[in-house]
Amino acid sequence: MRYGLLAGILLTALALPGCAGTPAVLGSAQQKSLQSLQLFGPDASPRFSLYLTCNDRHGSCAAAENAFSNWSRSRNIRLQLMEPGASLPAAREARTGVPYRMRIELAPMIIPSYDESGGVHGDMRGGYSPPRIGYTARIEVFNAADGKQLLDVKAQDQKTGKYQGDANEYIRSEMSALIGSLDPGYMEH
């Protein structure tokens, strides 16, 4: 059992190079702007409600939405999933004492691998192209009382996937890095 667990960890580490220890996805200026808002109180309680939209036109949203759902449950953040392009609903946060509203628009991207070798009947001059996996995100923070936009930042990443790798593992890893940029105190269980 112990060797099986160790082998599983090793295989995961080998399958996802560049993902473990991924640095914060926001630049230092963006990170400072975000920290200046004090999205978490002194007792680590959230001071915002989260509205998440995900566009699955070029990739699946399931892994990304699950990562944000896990974060919101773990940190007691009010999360509302919304359709892409939907407007924020009427503010209720000001009445509950939560000063901010955060909207994150995600767009995962998965470009499958392909092989142009042509097989038995082809000319065999083609080649293999590995999969590309990534995302773009727009993060906005609004004052809950008056709706004024306080922060608008963009994050993105794109990596070359491994042969027969799992795109969902990469998306989960990158969402963890994005969440870590928003909430440095969060440790995924």
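Analysis parameters
Residues numbered from 1 in each chain as written. Predicted model: local features only at pLDDT ≥ 70, side-chain atom pairs only at ≥ 80, totals over all residues. Heavy atoms only, no water. Helix = DSSP H or I, 4+ residues; strand = E, 2+ residues; numbered from the N terminus. Contact = heavy atoms within 4.5 Å. Buried < 20%, exposed > 50% of the residue type's maximum accessible area, 1.4 Å probe, protein only. Core = buried A, V, L, I, M, F, W, Y, C linked by side-chain atoms within 4.5 Å. Pairing = 2+ DSSP bridges. Axes fitted to C-alpha atoms, helices over the stretch in contact; angles between N-to-C directions.

Student: Hey, could you run me through the environment of Gln-38 in this one?
Tutor: Within the element layout of this structure, Gln-38 appears in the loop between helix H2 (28-36) and strand E1 (48-54). Sequence separation between Gln-38 and Tyr-100 is 62 residues, and the spatial gap between their C-alpha atoms is 9.7 Å. Residues contacting Gln-38, with those up to four places away along its chain left out, are Arg-47 and Tyr-100.

Student: When you look at unusual backbone geometry in this model, what are you seeing that I'm missing?
Tutor: Leaving glycine out, the prevailing phi sign among residues is negative, and the prevailing peptide bond configuration is trans. At Ala-44, a position not held by glycine, the phi torsion is positive, near 70°. Residue position: Ala-44 is located in the loop between H2 and E1. Among the residues examined, Ala-44 registers a relative accessible area of 34% and is labelled partly exposed. With a phi close to 60°, Asn-76 is a non-glycine residue in the positive phi region. Turning to its location among the elements, Asn-76 is positioned in the loop between helix H3 (62-75) and strand E2 (78-82).

Student: Teacher, can you tell me more about the nonpolar core here?
Tutor: Core analysis: the biggest nonpolar cluster contains 38 residues, and Phe-68, Trp-71, Leu-106 and Leu-178 have the highest contact counts within it. Of all the secondary-structure elements, those providing two or more residues to this core are E1, H3, strand E3 (100-111), strand E6 (132-143), strand E7 (149-160) and helix H5 (167-182). Ranked by residues supplied to this core, first place goes to H5 with 8 residues. Residues contacting Leu-178, with those up to four places away along its chain left out, are Val-25, Phe-68, Leu-106, Tyr-135, Ala-137, Ile-139 and Ala-155.

Student: Would you take a moment to explain the sheet that holds E2 for this structure?
Tutor: Sheet strands line up and pair through hydrogen bonds in the backbone, either parallel or antiparallel. Taken in spatial order, the 5 strands of this open sheet run E2-E1-E3-E6-E7, and their pairing is mixed. Two strands in the sheet have a free side with no partner beyond their single neighbour: E2 and E7. Direction aside, neighbouring strands of the sheet carry axes that sit 15° apart on average. Pairing geometry for E6 and E7, over 11 bridges, is antiparallel. Residue pairing across strands places Tyr-135 opposite Asp-157, the latter belonging to E7. Of the strands in this sheet, E3, E6 and E7 touch H5, which is tilted by about 30° from E6.

No statement about biological role is implied by the geometric values presented.
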